[in-house]
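Examining the three-dimensional arrangement
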Amino acid sequence: MTEIKLKKAELIINELIDQYAYADKSDRPWIIGFSGGKDSTVLLTLVWIALKRFKEKHPYPFQLRRPVYVVCNDTMVENPVIASYVDEVLAKIQVAAREQDLPIFTKKTTPKLDESFFVNVIGRGYPVPNNTFRWCTDRLKIRPTSSFLHDQIDEKGEAIVLLGTRYEESKTRERSMKKYEQSGSRLSKHPTSSNTFVFSPIKELVLEEIWYIINAVDSPWGFDNSILFQIYSDASADDYECPTVVTNKKHSSCGQSRFGCWTCTVVKEDKSMSALIDNGKEWMIPLLNFRNELVKDRNKSENRSSTRRNGMPAVTEDGHNQGNYNHGYMTKLLGRLLEVQRDVQEIKPEITLITNQELIAIQVIWNRDGFFDQTVSDIYRKVFNKELTTSNLKTLNQTERRLLSDVCEDEPEYYELIDNLIALQESKTLLVSKYGIHNDVEKRIEDFVKVK
């Protein structure tokens with residue numbers, strides 16, 4: 001059995017060498033989608049071994065002409081355990097590739113600030129994703145990676161994406177993969193990106209073979225694969241285990257848990273995070289509780305507006321609101337998220353759940369939506385008992401406020417209007433679309449006049 005598994009791995013390595021150096025004479029780059037999980041780790045391991053073997057026989061640099069990019073997408077809401085692990089792995093890969101003189105380069109992609117999870121949920125009031133409104137995949141994963149892919153295509157004309165997908169994962173995945181395969185060719189056309197081809201070298205490996213390679217083959221970039229094995233083992237719920245061929249007694253049976261965003265509300269329950277908690281990572285309890293609250297409160301009418309962001313009505317026949325989240329609920333969500341971050345940082349100070357840049361973007365959107373009753377800074381101060389530190393979030397200083405207050409002493413409502421307009425104007429300097437700022441200012445003045 002062991003010899004059969006090693007033989008399959010050798011066949012894949014030989015196939016990789018042939019495709020890299022002989023079957024394809026172009027220099028179009030290879031782009032490896034790397035999540036840090038078991039499948040992408042095996043894929044990169046075999047590619048790395050293939051390049052080293054080719055280099056040993058062909059030591060001239062020009063023969064390793066094709067760059068190999070290890071592209072990791074960070075959604076900014078990754079499971080913190082995996083996010084920390086991936087950062088360590090990417091650092092090792094970068095150093096080892098340079099020391100071994102291999103054309104392997106790491107790249108981490110992230111969503112644009114304006115498209116991050118919390119900017120959309122807490123800033124714009126998008127209801128958290130579910131199976132019928134799964135807006136997260138496109139904004140958090142597809143767009144950032146596609147942007148890097150298109151940059152490579154613009155430079156080289158074409159690119160080849162190597163994926164760690166396997167037939168065994170599911171019947172749906174197998175059908176999807178085979179739909180685009182071309183008879184007699186290792187490469188298949190990318191389903192959505194022109195001038196892009198897909199190569200899936202490990203597609204026929206089964207789960208036991210994946211874990212055997214991880215346990216039996218030393219990481220070519222010098223990482224300890226037992227760490228990955230332990231992460232999967234800790235994240236495997238009792239009812240979701242799978243047997244695996246082991247190489248020593250320490251390698252007990254290990255689950256095939258899927259890791260994703262810690263905020264994921266598409267799945268009914270987050271079994272991997274629950275299992276991690278059960279296996280000693282109690283500091284994740286606030287994250288799991290927050291995630292569960294997102295699911296529980298998603299469809300409550302009192303949390304939703306009667307219209308969508310485009311102004312279209314969104315009320316059911318029985319009077320249930322189905323629009324975006326209202327500002328009352330968004331401020332509550334922000335407060336809860338910051339409380340979770342505070343509690344987690346008491347044990348894991350290196351973990352940041354929402355960045356200061358995202359907080360700024362949320363404030364800008366609130367301003368442009370005409371919501372001035374509560375500020376992000378006030379909520380932050382209440383939770384952390386300190387000011388939100390950022391040089392980008394401008395506010396009137398105390399002298400300016402005193403002068404403005406004196407001028408508007410007889411009519412304090414004008415003080416509020418001017419303060420609101422300044423906040424709107426300052427949003428032009430931040431990393432959010434400036435489109436419509438003129439209309440936003442006019443609308444705020446119109447609302448003020450109606451009240452007067």
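Residues numbered from 1 in each chain as written. Predicted model: local features only at pLDDT ≥ 70, side-chain atom pairs only at ≥ 80, totals over all residues. Heavy atoms only, no water.

On inspection of all chains with the given rule, the structure shows 19 aromatic pairs. Here Phe 117 and Phe 118 contribute two aromatic rings whose centre-to-centre distance is 5.2 Å and whose plane-to-plane angle is 80 degrees, an arrangement assigned as edge-to-face. Neither residue differs from the other here; Phe 117 and Phe 118 are each classed as buried. When the centroid spacing of 4.7 Å and the interplanar angle of 70 degrees are considered together, the rings of Tyr 325 and Tyr 329 count as edge-to-face. (Phe/Tyr/Trp six-rings, centres within 6.5 Å; stacked < 30°, edge-to-face > 60°. Buried < 20%, exposed > 50% of the residue type's maximum accessible area, 1.4 Å probe, protein only.)

What follows is about helix H10 (residues 285-297). With 13 residues, H10 should cover 18 Å at 1.5 Å per step; its first-to-last C-alpha distance of 18 Å lies within 8% of that length. Buried residues of H10: Leu 287, Leu 288, Phe 290, Arg 291, Leu 294 and Asp 297, and no others. As for H10, its buried residues are in contact with helix H3 (80-99), helix H4 (117-123), helix H9 (271-278) and helix H11 (327-345). (Helix = DSSP H or I, 4+ residues; strand = E, 2+ residues; numbered from the N terminus. Expected span 1.5 Å × (residues − 1). Contact = heavy atoms within 4.5 Å.)

A separate point is the sheet that holds strand E2 (residues 68-73). Picture the strands of a sheet paired through backbone hydrogen bonds; they go either parallel or antiparallel. With mixed pairing, the six strands of this open sheet are ordered in space as E3-E2-E1-E4-E6-E5. At either margin of the open sheet sits one strand with a lone partner, and together these are strand E3 (104-109) and strand E5 (187-189). For this sheet the average axis-to-axis angle between neighbouring strands, irrespective of direction, equals 30 degrees. The pairing of strand E4 (residues 159-162) with strand E6 (residues 196-199) spans four bridges and is parallel. Residue pairing in the sheet places Ile 160 in a bridge with Phe 197 of E6. Relative to strand E1 (residues 30-33), helix H2 (residues 38-57) is tilted by about 150 degrees, and along the sheet it contacts E1, E2, E3 and E4. Relative to E2, helix H5 (residues 136-156) is tilted by about 160 degrees, and along the sheet it contacts E1, E2, E3, E4 and E6. (Pairing = 2+ DSSP bridges. Axes fitted to C-alpha atoms, helices over the stretch in contact; angles between N-to-C directions.)

Along the chain, Val 344 turns up in helix H11. Distance in space between the C-alpha atoms of Val 344 and Leu 287 is 8.2 Å, their sequence separation being 57 residues. Sequence-distant contacts of Val 344, that is, excluding residues within four places in its chain, are made with Trp 283, Pro 286, Leu 287 and Ile 351.

To continue, consider the pattern of salt bridges. Counted under the stated rule, the structure contains 22 salt bridges. Here Arg 186 and Glu 15 are joined by a salt bridge, their closest N and O atoms 3.3 Å apart. Of this pair, Arg 186 sits in the loop between helix H6 (171-180) and E5 while Glu 15 sits in helix H1 (residues 2-23), and the two are 171 residues apart along the sequence. A residue is classified by how much of its surface remains accessible, and Arg 186, at 28% relative accessible area, is partly exposed. With a relative accessible area of 25%, Glu 15 lands in the partly exposed category. Between Arg 143 and Glu 115 there is a salt bridge whose closest N-O contact spans 2.4 Å. Linking Arg 143 in helix H5 with Glu 115 in the loop between E3 and H4, this pair joins segments that are 28 residues apart in sequence. Of the residues examined, Arg 143 reaches a relative accessible area of 35% and is grouped as partly exposed. (Salt bridge = Lys/Arg side-chain N within 4 Å of Asp/Glu carboxyl O.)

Look at H11 against helix H13 (residues 376-384): their axes get within 9 Å of each other, and the N-to-C directions meet at 35 degrees. You can see that H11 and H13 cross each other, and the crossing is right-handed. Two secondary-structure elements touch here, H11 through Thr 331, Leu 334, Gly 335, Leu 338, Glu 339, Gln 341, Arg 342 and Gln 345 and H13 through Val 376, Ile 379, Tyr 380, Val 383 and Phe 384. Of the residues in the contact of H11 with H13, the class split is seven nonpolar, four polar and two charged. (Left-handed = near helix turned anticlockwise from the far one by under 90°. Nonpolar A, V, L, I, M, F, W, Y, C, P; charged D, E, K, R; others polar.)

It is worth spelling out the side chain of Asp 234 at this point. Here Asp 234 lies in helix H8 (residues 225-234). Residues in contact with Asp 234, not counting those within four places in the same chain, are Ala 275, Leu 276, Asn 279 and Lys 281.

Of the two faces of E4, the one carrying Ala 159 and Val 161 and the one carrying Ile 160 and Leu 162 are both buried. Judged from the three bridges that link them, E1 and E4 form a sheet pairing that is parallel. Considered in E4, the bridge of Ile 32 is made with Leu 162.

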